[in-house]
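Descriptive analysis of the structure
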Protein chains: 4
Amino acid sequence: MASKKKNIYVNGINQVPVPMRQIEIVERKGIGHPDSVADGVAETVSEALCAMYKKEVGHVLHHNTDQTEVVAGISAPKFGGGKIIKPVYILMDGRATTYIEKGKEKISLPVEPTALDGVRKYLKKMYPHLNVDTDVILDTKLGMGSDDLTGVYKASNYLSNDTSFGVGFAPFSITDTLTKETEQYINGDMKKKIPAAGQDVKVMCSRVGKNITMTVCCAMVDKYIDDKEAYKSTMEEMHKYVLENGNKIIDREGSDVRLKLDLNTGDDYKRGVYYLTVTGLSQEMGDDGSVGRGNRCNGLITPFRPMSMEATSGKNPITHVGKIYNVLSNIIANDVAKKVKADAEIHVRLLSQIGHTISDPLNANIDIITPNAADDARLPKWKDEAYSIAADWLDNIDKVSEKIIAGKIKTF
Amino acid sequence: MASKKKNIYVNGINQVPVPMRQIEIVERKGIGHPDSVADGVAETVSEALCAMYKKEVGHVLHHNTDQTEVVAGISAPKFGGGKIIKPVYILMDGRATTYIEKGKEKISLPVEPTALDGVRKYLKKMYPHLNVDTDVILDTKLGMGSDDLTGVYKASNYLSNDTSFGVGFAPFSITDTLTKETEQYINGDMKKKIPAAGQDVKVMCSRVGKNITMTVCCAMVDKYIDDKEAYKSTMEEMHKYVLENGNKIIDREGSDVRLKLDLNTGDDYKRGVYYLTVTGLSQEMGDDGSVGRGNRCNGLITPFRPMSMEATSGKNPITHVGKIYNVLSNIIANDVAKKVKADAEIHVRLLSQIGHTISDPLNANIDIITPNAADDARLPKWKDEAYSIAADWLDNIDKVSEKIIAGKIKTF
Amino acid sequence: MASKKKNIYVNGINQVPVPMRQIEIVERKGIGHPDSVADGVAETVSEALCAMYKKEVGHVLHHNTDQTEVVAGISAPKFGGGKIIKPVYILMDGRATTYIEKGKEKISLPVEPTALDGVRKYLKKMYPHLNVDTDVILDTKLGMGSDDLTGVYKASNYLSNDTSFGVGFAPFSITDTLTKETEQYINGDMKKKIPAAGQDVKVMCSRVGKNITMTVCCAMVDKYIDDKEAYKSTMEEMHKYVLENGNKIIDREGSDVRLKLDLNTGDDYKRGVYYLTVTGLSQEMGDDGSVGRGNRCNGLITPFRPMSMEATSGKNPITHVGKIYNVLSNIIANDVAKKVKADAEIHVRLLSQIGHTISDPLNANIDIITPNAADDARLPKWKDEAYSIAADWLDNIDKVSEKIIAGKIKTF
Amino acid sequence: MASKKKNIYVNGINQVPVPMRQIEIVERKGIGHPDSVADGVAETVSEALCAMYKKEVGHVLHHNTDQTEVVAGISAPKFGGGKIIKPVYILMDGRATTYIEKGKEKISLPVEPTALDGVRKYLKKMYPHLNVDTDVILDTKLGMGSDDLTGVYKASNYLSNDTSFGVGFAPFSITDTLTKETEQYINGDMKKKIPAAGQDVKVMCSRVGKNITMTVCCAMVDKYIDDKEAYKSTMEEMHKYVLENGNKIIDREGSDVRLKLDLNTGDDYKRGVYYLTVTGLSQEMGDDGSVGRGNRCNGLITPFRPMSMEATSGKNPITHVGKIYNVLSNIIANDVAKKVKADAEIHVRLLSQIGHTISDPLNANIDIITPNAADDARLPKWKDEAYSIAADWLDNIDKVSEKIIAGKIKTF
């Protein structure tokens, strides 16, 4: 039970849930998209700093490292295997506590070496075709935060450091599921069959009625493809696998949508245009990336659903509501969705105010959406349940931080 | 009239428009917020390059410079006037065409000098308290784009260079209007009365029923404030002005909402915490900024409305649908809103596919939202009108580009 | 009179002075050579910091900023006027005191803004064809020095901070004078007649007996030269002026050497190779520069004379013997040369040891060189005079610092 | 025999060789000194590029990478083992050929990845206490050279690309030998006995008559030293070893000089000042480094001998006379010294002129120095021998390039 009355507003909204409407668009940027690379680097910096702070001083100190910039390199891909000509430049910026004072003693903290160590390992593990030692320049500009914010931070770990909000929804539609799982399939099981498929994948699903057009853009790894014919046949093979996998998902979910797949539509065989790369990452030859511009923390970009602009990756998991509230909104939405009838759409929005406690938002809003939710006899019960779920989570918000620090939550 | 049948889907949706619901949250980051600084720099780079390309080769060439990173500096603000200790570092990255080939001749193009020239002038004009010569380091990493994208670009200026979407809505609610105009007031007319108010302003409005809580966070310029007492009285004065102005807007719009204002709630006079800065910009002492993470191109962040994740600022205004479709979505939404009854909420989403013509989206969706839109007798007429508006704009999409190049469209 | 016995060793050396030998080589890099640009920037940073420290805390604080790196840009020069394509990147690094502690108060000092301010003004003043706002990126990495050195520094301003030496000689030979003054002429009076002559000039004189071959390499400013013919005639005109000026110097000095001039021998008109630049500075298109690799503090590079490897530019003028001893060695050599017969060659070398007082070198050596100096009856008198000159200067070594801080000493 | 008459001038000079004079100063910066780190990095880049060019196109292409800048980091050393707080930043700049054109095909060359690969391996091998993955940021700005220089280069591999000179002398004095071998001992055999001795060693020998004062400054590695007492006893032990080794060298050379050793004179035990580091490299906490400011290519800095200002490390070993002539001058000096009587001092200076063939210098000067060399009956024979040695080497100058490319020549 919640410790005290909170500003939680639960409403039933008479509205056709998105999955039942005529049109829906959903996008996912794969783990190799430059924006996802930036997100992953930023989140890794935060995770590495959390671990270092805990080791050095016993608890997490102030930091917000949600600011990595990935500047594209230059490559010369070619069938059979090309070369990286100019490395990608990755600037890790953001704020971090570089020292503390214990009485008269000043204790310096190895912020940038810790970040470099964590990120180097992360990139090596995540991107096997990328030679981190020669094809990436890792630079750092991680300084100390402003007095004002650190002032709030020092006073208590439970005060909000910013006026910002988190947004989540549940459950996933078939379009959502197809989008997310297709990228996971291409970067997962399909790799054993088609190693030539690179990690920079973009999946965009457009549903019109029961017809889903899925556009997949996938950077191909040149060393696995000998020539134009091989490229063409690899595309055909990949088209088959991705479509098969998509249809399996549709069957599994009991959906009746029809799937059409457009793969690498930017190619133009006649003019000799192929989406060929050395590393399977478009950052190698032209695409820059930034934190917070790709997937939301549920792994998707959903213009038909509410979204937050806050970057989740790289933010401090203890004090930054922009991170905690985004993660928590999705958790609450899913928990509420399970309690309410299956076809209801749940929206959650949590709004903080700087200087106030994190466990007590300025405004927590839960919308239960069905064509006649406002008039549904079960609404009072749903409201009570939703209130309890939200209040309980807010009272136990430290668990969200702990999950994030433990690396159990994906942020993009 | 539209040239041919397009994939435009207009729907009436039975749904309570956001302004009529219990809860609404709207945010605006002011022109001095680090994310807005990044947006402004990126857009300025694109504008400067467009002008240079037109001068040098007669038309705009491929570029996407939506990638500026603002790395915070260090300052030592104090009552009466402090100092910048470490400059802000601004990295302008992204892709731009650095040369063209005319027969055997290679013509080099002054991309980085052009960007530096434009941005230096922009910063000087926009931020009068910022000494661009000493308190900012402007760095550039503007290289050439990838073959694949430039391949599409060269074929025709009218092919989409990416699979992405634009999103817009109209009309503004009273919460939207209050949020946007409050920032414009603080950074506009109020400056004459309170020059101490800095340009880094964040306005967050949370409406619960008829009660709007507006949280304003405003960096104060130290040289205009002599001491703690002056700070306190400036806050009181500013509180009065902003509230008065807000109530004027409410009256003008004929709304009956009630406004409560929380100003600089992070301050803690007892502990000596004030939001004091040398330049009125929090980038001077701790806040980094990125392109595309702040306001959408309508100037707001609206978690209760559909939004796009695409950065509008800095993108190529000729070929990048991520820019054109976002701008156009809002234009169409406004035009449709004017034709339909006043309290309808209009959502527009335009989805492109790489390799297809920009004037023919894969999917253009217009939702007309009222509590009973689907059943409204006027719906067929509304649909026709909306279709015509969208089709006309798509046929004349070059006008959108031209407006952007001419600097007539704000992107953040 | 000297305060106490110092380790000053004066010797008469039986040796033919360099000007009387068959072979002599002397070089001067002009003020626009990338190494000279680096020297000038580094020295300007030090001068600006000295002024700032005196203003903020009353006296000069520890710094050594002898570390600027000039990374070449890219230009597209052409007859009639070309363009800068990529800016020159100038990294100002080195060490500087960024804060002091006054009791419990920490006073931050604006090191990097001060450096940027000074260097921007310096570049604008020195290089009129360089657009500092668009064609140069000024970056800074000026951090705090090591504990060890600052430990020495804090103890007393009069302790040496390094084990290093300074070297000087006097008087100048006709080859020295011709080399130095030719560059000064090209970058001085000749500019009015030939504005096309750029500031990146390299003068190399090779004397064999009485024949001096002077090789001059001069970057030309493209906007003043319309075509190949104009280039050719400018070269002829410049050849005439430089030779005339050289012969005037020879006459003035009463020398009987013969001067031959080779101008821009890298040109190859048949193959269309001209030394054409936009700014008159080769840094714009290919030549990087570093501090301390160009002229010694007498303005020359003299492989037939003793030289120090220490960079003079940018070093702390109060505590860094690498700067003070180099400047002082030349002063002492000149003072001694005036007391001794005109054709004697004077060498001075001053060696410090870390932790010892600057006014008491580990080893001060003055060599008086004539074909029979060791046997000259006047040697005892010369020795006494030389000892007094050196001892007096060492006792008044603060005057050297003061002259440097006042900008009265050239360091390259 | 030489192919044609060259401008080689051999002279006998009546002069007391430096080893016989009263005063002599010699310095060596150890392999861990920041300037030596910069030299080593620059030379490694050139070596790596030579190998890459040979592999990719069959021969070495134009490059000059003599421009590395080492920007100091921040460390927190302490007895028993401290931490790196901020990484060292190493900028590799300079010019390199990034592509060639073969007919219509443009072949891109992996310049920066090659440099990163070579340097990373070099640093790991050379500096075992330095964690290259976390304590160093490697950045690159390696662009294409200017048209003028590349014009000369393309015409023939045997044209000089610059007007510059090389300087060498032989044989080494006892002071030279002691200086060089002491550093090699400390960074060689002594390491097994005293692993705490870091690689940043500076050896400065000042000889007055028969008394040599050797000042050694050595960064100590903190993890091997438990406390102040251990530091003190390590200093005493190291003092003993270095002195013993020095006296062994003196005995071996049959010299009668007396050696006094001053070790880490900047320490001040009372005030708690120790020369303690984490990595044994002072770059970790305050000392920046540049190419070409440390040892000449014979491994020494010798203010009593002729020296060149040219950086040898990193320059192109095929066309840059600044590199080849410096290396060759020392080779010729040593070969001549072996032919002439043992106590003669040999000076060699080679001067090129841009556009002329490298094997035919504008001016090659060999001075044979003894107290009465000009009058020695053997002078004509010495002159013939010296001429032949120099002429033969110039005719076979490619062998010098080959030795450098093969890594058989040390450049600092």
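Residues numbered from 1 in each chain as written. Chains lettered and ligands numbered in written order. Predicted model: local features only at pLDDT ≥ 70, side-chain atom pairs only at ≥ 80, totals over all residues. Heavy atoms only, no water.

1. Section: the overall build of chain A
Per the secondary structure count, chain A includes nine helices and 18 strands. Relative to the globule expectation of 22 Å for 412 residues, the C-alpha radius of gyration of chain A, 23 Å, shows essentially globular dimensions. Projected onto the principal axes, the alpha-carbon positions of chain A cover approximately 65 × 65 × 25 Å. A sequence separation of at least 24 residues applies to 76% of the contacts in chain A between residues at least 6 apart. Counting only carbon and sulfur atoms, one obtains 50% of the accessible surface of chain A, whose full area is about 13800 Å². The averaged location of the 55 negative side-chain charges in chain A is 2 Å from the averaged location of its 54 positive side-chain charges. (Helix = DSSP H or I, 4+ residues; strand = E, 2+ residues; numbered from the N terminus. Rg over C-alpha atoms; globule rule 2.2 N^0.38 Å. Contact = heavy atoms within 4.5 Å. Areas by Shrake-Rupley, 256 points an atom, 1.4 Å probe, with all protein chains shown as cover. Lys, Arg positive; Asp, Glu negative; His and termini not counted. Charge placed at Lys NZ, Arg CZ, Asp CG, Glu CD.)

2. Observations regarding the packing of helix H7 (residues 321-339) of chain C against helix H9 (residues 397-405) of chain C
All names here are of chain C. Taken N-terminus to C-terminus, the directions of H7 and H9 make an angle of 100°; their axes are 10 Å apart at the nearest point. In this view, H7 runs roughly perpendicular relative to H9, as classed from their interaxial angle. The segment H7 lies against H9, with Lys323, Ile324, Tyr325, Val327 and Leu328 engaging Ile397, Val400, Ser401 and Ile404. (Axes fitted to C-alpha atoms, helices over the stretch in contact; angles between N-to-C directions. Parallel < 35°, antiparallel > 145°, perpendicular 65-115°, else oblique.)

3. What to know about unusual backbone geometry
Omega for the peptide link from C:Ala170 to C:Pro171 comes to -10°, which places this bond in the cis form. As for its placement among the helices and strands, C:Pro171 is situated in the loop between strand E11 (165-170) and helix H4 (174-186). One non-glycine residue, B:Asn264, lies in positive phi territory at about 45°. Within the secondary structure, B:Asn264 is located in the loop between strand E14 (258-263) and strand E15 (276-277).

4. A look at the relation of the copies chain A and chain B
Each of the two chain copies goes to the other by way of a rotation about an axis and a shift along it. Its rotation angle being 180°, the transformation that places chain A on chain B also includes 0.0 Å of axial translation and leaves an RMSD of 0.0 Å. Overall, the copies show the geometry of a two-fold rotation axis. For chain A, the minimum C-alpha distance to the rotation axis belongs to A:Gln15 and amounts to 2.3 Å. (Least-squares fit on C-alpha atoms with pLDDT ≥ 70 in both.)

5. Digging into the sheet that holds strand E11 (residues 165-170) of chain A
Residues and elements named next belong to chain A. If you trace the four strands from one edge of the open sheet to the other, you get E1-E18-E17-E11, paired in mixed fashion. Lying at the two open borders of the sheet, with one neighbouring strand each, are strand E1 (8-14) and E11. Taken pair by pair, the neighbouring strands of this sheet meet at an average axis angle of 15°, ignoring direction. Bridge count between E1 and strand E18 (residues 363-370): seven bridges; the pairing is parallel. Note that in E18 the partner of Ile13 across the bridge is Ile369. Here helix H7 (residues 321-339) sits on the sheet in contact with E11, strand E17 (345-351) and E18, set at roughly 30° to E11. (Pairing = 2+ DSSP bridges.)

6. Quick word on the interface of chain D and chain A
On the chain A side, the residues contacting the 25 residues of chain D number 25 residues. For the pairing of chain D and chain A, the buried interface totals around 2000 Å² over both sides, and the portion due to carbon and sulfur atoms is 57%. Interface area lost by chain D to chain A is led by D:Ile85, D:Pro113 and D:Ile137, which between them contribute 24%. Our enumeration of links across chain D and chain A arrives at six salt bridges. Across the salt bridge formed by A:Lys86 and D:Glu112, the nearest N and O atoms sit 3.2 Å from each other. For the pair chain D and chain A, the number of links is six residue pairs in polar contact (both at pLDDT 80 or more). Taken together, the elements giving at least two residues each to the side of chain D that touches chain A come down to strand E6 (83-86), helix H2 (111-126) and strand E10 (136-143) of chain D. A per-element tally of the side of chain D that touches chain A places H2(D) first, with six residues. A class-by-class count of the residues in the side of chain D that touches chain A yields 13 nonpolar, three polar and nine charged. (Buried area = accessible area lost by both parts, 1.4 Å probe. Salt bridge = Lys/Arg side-chain N within 4 Å of Asp/Glu carboxyl O. Polar contact = N/O pair within 3.5 Å; in protein donor to acceptor, adjacent residues only side chain to side chain. Nonpolar A, V, L, I, M, F, W, Y, C, P; charged D, E, K, R; others polar.)

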